[in-house]
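Read off the chains here:
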Amino acid sequence: MASPTKPIIIFISIVTLFVLSYADSSEVLVTKKLRGGKRVCTKGWECSSFSEYCCNDTISDYFQTYQFENLFSKRNTPVAHAVGFWDYRSFITAAAVYQPIGFGTTGGKLMAQKEVAAFLGHVGSKTSCGYGVATGGPLAWGLCYNREMSPSQSYCDDSYKFTYPCAPGAEYYGRGAIPIYWNFNYGATGDALKADLLNHPEYIEQNATLAFQAAIWRWMTPVKKGQPTAHEIFVGTWKPTKNDTLSNRIPGFGTTMNVLYGDSVCGQGDIDSMNNIISHYLYYLDLLGVGREQAGPGDVLTCAEQKAFNPSSTSSSASS
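Residues numbered from 1 in each chain as written. Predicted model: local features only at pLDDT ≥ 70, side-chain atom pairs only at ≥ 80, totals over all residues. Heavy atoms only, no water.

1. Some points on the nonpolar core
Link 1 in the chain: By size, the foremost hydrophobic cluster in this structure holds 79 residues, and its most contacted members are F63, F91, F103, F119, L120, M257 and Y281.
Link 2 in the chain: For this core, the element with the most residues is helix α7 (residues 208–220), which contributes ten residues.
Link 3 in the chain: Residues within four places of M257 in sequence aside, it is in contact with H122, G262, V265, C266, M274, I277, I278, L301, T302 and C303.
Link 4 in the chain: With six residues, the next largest nonpolar core counts C129, A134, A140 and W141 among its residues. (Core = buried A, V, L, I, M, F, W, Y, C linked by side-chain atoms within 4.5 Å. Buried < 20%, exposed > 50% of the residue type's maximum accessible area, 1.4 Å probe, protein only. Helix = DSSP H or I, 4+ residues; strand = E, 2+ residues; numbered from the N terminus. Contact = heavy atoms within 4.5 Å.)

Structure (structure tokens):
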């Protein structure tokens, strides 16, 4: 006669295995082979669905929580303006959408590290409340903001009333990791992310994952058809045309500023707004252990003498 305790023992064993598997899910690589020998993997919360991509290194393999904390060490101090909003998990969750198409995963580990530092260099500069004598130095205060604090206008452009009409009561001031301005930019970003940002631009300052996702989408998406993305410019897959060469636009960090901000930053000589972005990038390279010497020569870093892809009279860049 079977012991009545056996079913209970079996049940407990199954539950224990499940809990162990769940507890280690962020670290364990699970691999399976499909018919034909194709290998697919999952790897915890960053890579939760089986895919070929998940069998490779992901951003969390070389950029971890403590490094995010080092880069943005002052973001949760009492004087910051977005305390508790930005965190590592939100960044990785947003990045996971774009890693399979190359964000932080192109060209080997060194290039991947440099791209993350470059992207976050833009983010840190655009969300900083640091200044010359700030505790920890002016470059330690990235992600201090998640919104423009004193908007000078509502950023409603009525010329887009047939495509991205301004919603009653909505304010399209700067929000996010790479701040979004104007109704047409909120509308286009919302279309891409399947979020109703035209009617609810405030979603960007309420959800850190969405805010990071919007910024990475801008990094990975052309501002205009036929133009390169900041990603392509940085990793070197963009090949400049003769017109680009005549406009001093070359692959590298400097031209990412051009395609994102146009002549508000570039083509103005050696100005502070440009140098601040460069300084954040170099600082982050050092903190990540890559070293600023890997950034390349000065002409790759700057856009001081570049002609803008989108002159201000026709620009639809994220930042205004």
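2. Side note on the packing of aromatic side chains
Link 1 in the chain: Taken as a whole and judged by the stated rule, the model has 21 aromatic pairs.
Link 2 in the chain: Both rings, one in F85 and one in W86, keep their centres 4.8 Å apart while their planes meet at 85 degrees; by these two values the pair is edge-to-face. The pair formed by F85 and W86 is uniform in burial state, with each residue classed as buried.
Link 3 in the chain: Summarising the aromatic geometry, the rings of F103 and F119 are spaced 5.3 Å apart at their centres and angled 80 degrees between planes, so their arrangement reads as edge-to-face. A residue pair is termed long-range when its members are at least 10 positions apart, and F103 in the loop between α4 (88–98) and α5 (108–126) and F119 in helix α5 qualify at 16 residues.
Link 4 in the chain: F119 gets classed as buried once you look at its relative accessible area, which sits at 0%.
Link 5 in the chain: The side chain of K32 reaches across the aromatic face of F50, ending 4.2 Å from its centre. (Phe/Tyr/Trp six-rings, centres within 6.5 Å; stacked < 30°, edge-to-face > 60°. Lys NZ or Arg CZ within 6 Å of the ring centre and 35° of its normal.)

3. What about the pattern of salt bridges?
Link 1 in the chain: If you walk through the whole model with that rule in mind, you get seven salt bridges.
Link 2 in the chain: Note that E52 and K38 form a salt bridge whose closest N and O atoms lie 3.6 Å from each other. One end of the pair, E52, is in the loop between β3 (47–51) and α2 (59–62); the other, K38, is in the loop between β1 (30–33) and β2 (39–43), with 14 residues separating them in the sequence.
Link 3 in the chain: The residue E69 makes a salt bridge to R75 at a minimum N-O spacing of 3.0 Å.
Link 4 in the chain: For E69, a relative accessible area of 35% translates into the label partly exposed.
Link 5 in the chain: What you see here is one network of salt bridges that share partners, running through R147, R175 and E205. (Salt bridge = Lys/Arg side-chain N within 4 Å of Asp/Glu carboxyl O.)

4. Points about the state of the cysteines
Link 1 in the chain: Taken as a whole and judged by the stated rule, the model has five disulfides.
Link 2 in the chain: A sulfur-sulfur separation of 2.0 Å characterises the disulfide bridge that pairs C156 with C166. Handedness here is read from the sign of the S-S torsion; for C156 and C166, about 110 degrees, the answer is right-handed. Taken together, the positions of C156 in the loop between α5 and α6 (183–193) and C166 in the loop between α5 and α6 put the pair ten residues apart, joining distant regions of the chain.
Link 3 in the chain: Sequence-ordered numbering of the disulfide-bonded cysteines in the protein gives the connectivity 1-4, 2-3, 5-6, 7-8, 9-10. (Disulfide = S-S within 2.5 Å.)

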